[in-house]
Amino acid sequence: MSHRTGTEPVTARSALTLRLVLSLVALPVFVAGTVLFAVRAGASGPLDSPGPAVLVALAVVCGVLALVAAVDLLVIGRRFSHEKHGGPPAP
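Criteria and cut-off values
Residues numbered from 1 in each chain as written. Predicted model: local features only at pLDDT ≥ 70, side-chain atom pairs only at ≥ 80, totals over all residues. Heavy atoms only, no water. Helix = DSSP H or I, 4+ residues; strand = E, 2+ residues; numbered from the N terminus. Buried < 20%, exposed > 50% of the residue type's maximum accessible area, 1.4 Å probe, protein only. Contact = heavy atoms within 4.5 Å. Areas by Shrake-Rupley, 256 points an atom, 1.4 Å probe, with all protein chains shown as cover. Polar contact = N/O pair within 3.5 Å; in protein donor to acceptor, adjacent residues only side chain to side chain.

## Observations regarding the overall build of the chain
On a plain count of helices and strands, the chain comes out with 2 helices and 0 strands. By residue count, 18% of the 91 residues in the chain fall in the buried class. Within the chain, contacts between residues at least 6 apart in sequence are counted, and of these 61% link residues at least 24 apart. If you sum the accessible surface of the chain, you get close to 6,800 Å²; carbon and sulfur atoms cover 73% of it.

In structure tokens form, the structure reads like this:
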């Protein structure tokens, strides 16, 4: 067992509920952004402003952020499960 070197309390916990709320809000927003930017990119022409390349880049960014929110929801669910069942804390 490693020795504590910080000044945090022994029972310190992360703000899982806040992370849960933020991820639950972010996931549908970024999924919608991905879809909207992708549809708009498909319907835009080369002379439109913003151009299709910019819209595709925005769709990719939104898709990556949606993926991050989904993975965070899985991590939060795992940590809540460990807390509920009294298992060791998840890393």
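## Side note on the side chain of Ser44
Relative to the elements of secondary structure, Ser44 occurs in the loop between α1 (16-43) and α2 (52-85). A polar atom in the side chain of Ser44 sits 3.1 Å from the backbone oxygen of Ala41.

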